[in-house]
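As a plain string of letters, each chain reads:
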Amino acid sequence: QTDWLISVSSTSQEDPDLRFMSKFNRASGFYGFANTVFPTTPPRYFRLLQEDNYNLRLDNTIPVDFWSNLEGSFKTGFYHARSTRTYKDRGISYESRNDYAPWNRDGDPNTFIPSLSQSATVDDFFIRALPENAYEGFQTINAGYWMGEVPVVERLKLIGGIRLEGTQIDVDSVGGSSTVTKSSTNLKQLDLLPAAGLIYTPMTNMNIRLHYSGTIARPTYREIANVETFDFAGGDVLVGNPNLKITSIQNYDIRWEWFPRPGYVLSAGMFYKELMSPIEQAYETLNQDKIIYQNRSEATVYGLELEGRANLEFIHDCFSRFTAGMNFALIESETPLTTTELGFKQTVDPSTPDTRPLFNQSPYILNFDLSYDNSTSGTSATVAYNIAGERLVITNPFGEDIYEQSAASLDFSISQKLGKSQRWKLKFSAKNLLDPSFERTYGAQGTLPYSSYKKGRTYGVSLSYTF
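Treat the numbers as computed from the prediction; the structure is a model and nothing was measured.

Chemist: How would you summarise the overall build of the protein if you had to cite specific residues and measurements?
Modeler: Each helix and strand counted, the protein has 2 helices and 28 strands in total. Here the protein holds 467 residues, and the buried ones make up 38% of them. Once local pairs closer than 6 in sequence are excluded, the contacts in the protein between residues at least 24 apart make up 65%. Carbon together with sulfur atoms contributes 56% to the accessible area of the protein, which is approximately 26600 Å² in total.

This is the structure we're talking about:
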């Protein structure tokens, strides 16, 4: 049996006029508009991004009859992916008169730049072009694999294989905040990624899986391009790092699965991961005005995962079209601090340990969903709830790390198939209905605030046709 897939996609993003101005509120009740932090003056940004992706996948499966009439298979395949991206941003900033800097004390942003009236002259202010940040990126991934599924005995299978994967990433960038610099990155790497696993089936509806695999994680264009971009959601200046390495990951896990009846799943598993050169976001300098992407030396992640899914007809027959699912993960992660980092942190807190959690890793994740599906009428709906524990989002080598506190998410979608053939489908979706505040704090305990923002609710309507 041969399966193949070809896909072509194009994505573009245009931000025609982003504006930002810093407003400060003080405990005394005084507030004003200032140019004391980045952006040091009120800017207007114009951004353009274009990305094209091409993918080809080919898989060939050969069934094989082994000893004692046991069936297995061998599988080979090839994968090719190519993408190109072009990014440009240009901006201008408005400079106030000297007596308006650093504080505009009347709290009115319109008076940051005085109008050309009465005693005001053109010398009172000026408009300054910001340095251009731009990059062009090209990525090619070629991979070939071979794997086999071999029965050892009647209830025990051995699955193993190897994947040879080549990565080439080329990025030419130009950017900076004051001094414009040019940079070129040519990241080329060939990885041999093994995988092996055992599947034991003590009952026809139960599996016990033991698995090992080697995987990699590549830096993205934004992470590797030497440009400075302003993150309007977080209020940070992000700087790319042309010297990033590919992350290597060793995965070990054991999992138990039970399928008591169609539509029902119960499973539990434990996992352990070793990461070499994981990518993190960290303050670049002591004054903490810029965040750079960098490789950490190593990290470990391990934990427990529980999953369950069931049709609700066991409550009453009227709930036979409803399905509920839950997934919960309890996770521990750690990476060692360098001698310099530990020295800085222990000046703030002498009890600071010599390890910390891995960047962007929550100690727990909970997902819950409730779905309705009526194949007769073509109606389906889903409510999904998600919450994760606090996670480290900015590593600070010079003091307390920045954590994002827990924030719950609630999404809803409903779709209706139309027409006799039900090939048309009308769908409505509503995301982030709770619209919580995303609080970032100094330290995991959240005693001192760093920033706070809301993403807002998102609503969408779509009409699709299936051929």
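From this point, the discussion proceeds with the structure in view.
Chemist: Would you mind going over the side chain of Asn53 in detail, with residue names and values included?
Modeler: Looking at the element boundaries, Asn53 is found in strand S4 (residues 43-65). Within polar-contact distance, the side chain of Asn53 engages the side chain of Glu51 at 3.3 Å. Setting aside anything within four residues of it in sequence, one finds Asn53 in contact with Ser7, Val8, Ser9, Arg82 and Ser83.

Chemist: Please provide a residue-by-residue account of the packing of aromatic side chains, values included.
Modeler: In this structure the tally under the stated criterion is 16 aromatic pairs. An angle of 55 degrees between the planes, with centres 4.8 Å apart, marks the rings of Trp424 and Tyr465 as tilted. Taken together, the residues span a long stretch of sequence, with Trp424 in strand S25 (residues 424-431) and Tyr465 in strand S28 (residues 458-465) at a distance of 41 residues. Note on Trp424: relative accessible area 41%, which makes it partly exposed. For Tyr465, a relative accessible area of 35% gives the class partly exposed. Through a chain of ring-to-ring contacts, three or more aromatic side chains come together here, namely Phe66, Trp67, Phe74 and Trp146.

Chemist: Tell me about the environment of Ala329, and name the residues and values.
Modeler: Turning to its location among the elements, Ala329 is positioned in strand S18 (residues 322-336). The sequence separation of Ala329 and Met270 amounts to 59 residues, and the corresponding C-alpha distance is 9.5 Å. Apart from the residues within four sequence positions on either side, Ala329 is in contact with Leu304, Glu305, Pro363, Tyr364 and Ile365.

Chemist: Lay out a positive patch on the surface with the relevant residues and their values.
Modeler: On the surface, Lys417, Lys425, Lys427 and Lys431 cluster together to form a positively charged patch. No other element matches the 3 residues that S25 contributes to the positive patch. Position of Lys431 among the secondary structure elements: in strand S25.

Chemist: So, the sheet that holds strand S11 (residues 228-231): which residues are in play, and what are the values?
Modeler: The mixed open sheet is built from 4 strands, whose spatial order is S11-S12-S16-S15. Both outer strands of the open sheet, S11 and strand S15 (279-283), are each paired with one neighbouring strand and no more. For this sheet the average axis-to-axis angle between neighbouring strands, irrespective of direction, equals 35 degrees.

Chemist: Before we move on, could you go through the pairing of strand S14 (residues 265-276) and cite the residues and values that matter?
Modeler: Direction of pairing for strand S13 (residues 247-258) relative to S14: antiparallel, over a ladder of 11 bridges. Paired with Gln250 across the strands is Glu274, a residue of S14. Linking S13 back to S14 in an antiparallel pair, the connection comprises 6 residues, with Gly263 at a positive phi of about 90 degrees. Bridging between S14 and strand S17 (residues 298-311) involves 12 bridges; their strand directions are antiparallel. When the sheet's bridge partners are listed, Met276 is paired in S17 with Glu298.

Chemist: If you had to explain the side chain of Asp191 to someone new, which residues and values would you point to?
Modeler: Along the chain, the position of Asp191 falls in strand S9 (residues 181-203). Within the structure, the side chain of Asp191 is placed 2.8 Å from the side chain of Gln189, a separation counted as a polar contact. Each residue touching Asp191, except ones within four places of it in the same chain, is listed here: Arg163, Leu164, Glu165 and Ile216.

Chemist: Describe the confidence of the model for the protein, naming the residues involved and giving the relevant values.
Modeler: Low pLDDT means the predicted atomic positions in that stretch should not be read closely. When pLDDT is averaged along the protein, the result is 87, and 86% of the positions lie at 70 or above. Within the model, the stretch residues 116-125 combines pLDDT values under 50 with 11 contacts to residues more than four positions away or in other chains.

Chemist: So what's going on with the environment of Ile292? Which residues, and what values?
Modeler: For Ile292, the location among the structural elements is in strand S16 (residues 291-295). Here Ile292 falls in the buried class, since its relative accessible area comes to 15%. Taking C-alpha positions, Ile292 is 4.7 Å from Val239, a pair spaced 53 residues apart along the chain. If sequence neighbours within four positions are ignored, Ile292 has contacts with Val239, Gly240, Asn241, Glu280, Gln281, Ala282 and Glu284.

Chemist: Can you break down the pattern of salt bridges residue by residue, with the values?
Modeler: Counting across every chain of the model gives 17 salt bridges. Notably, a salt bridge pairs Glu305 with Arg255, separated by 3.7 Å at the nearest N-O pair. Of this pair, Glu305 sits in strand S17 while Arg255 sits in strand S13, and the two are 50 residues apart along the sequence. We classify Glu305 as partly exposed; its relative accessible area is 24%. In this structure, a network of salt bridges that share partners links the residues Arg209, Arg255, Glu257, Glu305 and Glu307.

Chemist: Explain unusual backbone geometry residue by residue, including any values.
Modeler: Notably, Ser277 is not glycine yet its phi reads approximately 60 degrees, a positive angle. Mapped onto the secondary structure, Ser277 falls in the loop between S14 and S15. The class of Ser277 is buried, set by a relative accessible area of 17%. Even without glycine at this site, Asp435 takes up a positive phi of about 45 degrees. For Asp435, the position within the fold is in the loop between S25 and strand S26 (437-442).

Thresholds, definitions, all that
Residues numbered from 1 in each chain as written. Predicted model: local features only at pLDDT ≥ 70, side-chain atom pairs only at ≥ 80, totals over all residues. Heavy atoms only, no water. Helix = DSSP H or I, 4+ residues; strand = E, 2+ residues; numbered from the N terminus. Buried < 20%, exposed > 50% of the residue type's maximum accessible area, 1.4 Å probe, protein only. Contact = heavy atoms within 4.5 Å. Areas by Shrake-Rupley, 256 points an atom, 1.4 Å probe, with all protein chains shown as cover. Polar contact = N/O pair within 3.5 Å; in protein donor to acceptor, adjacent residues only side chain to side chain. Phe/Tyr/Trp six-rings, centres within 6.5 Å; stacked < 30°, edge-to-face > 60°. Patch = residues over 30% accessible without salt bridge, like charges linked within 9 Å, V, L, I, M, F, W, Y side chains within 5 Å. Salt bridge = Lys/Arg side-chain N within 4 Å of Asp/Glu carboxyl O. Lys, Arg positive; Asp, Glu negative; His and termini not counted. Charge placed at Lys NZ, Arg CZ, Asp CG, Glu CD. Pairing = 2+ DSSP bridges. Axes fitted to C-alpha atoms, helices over the stretch in contact; angles between N-to-C directions. pLDDT = per-residue confidence, 0-100.

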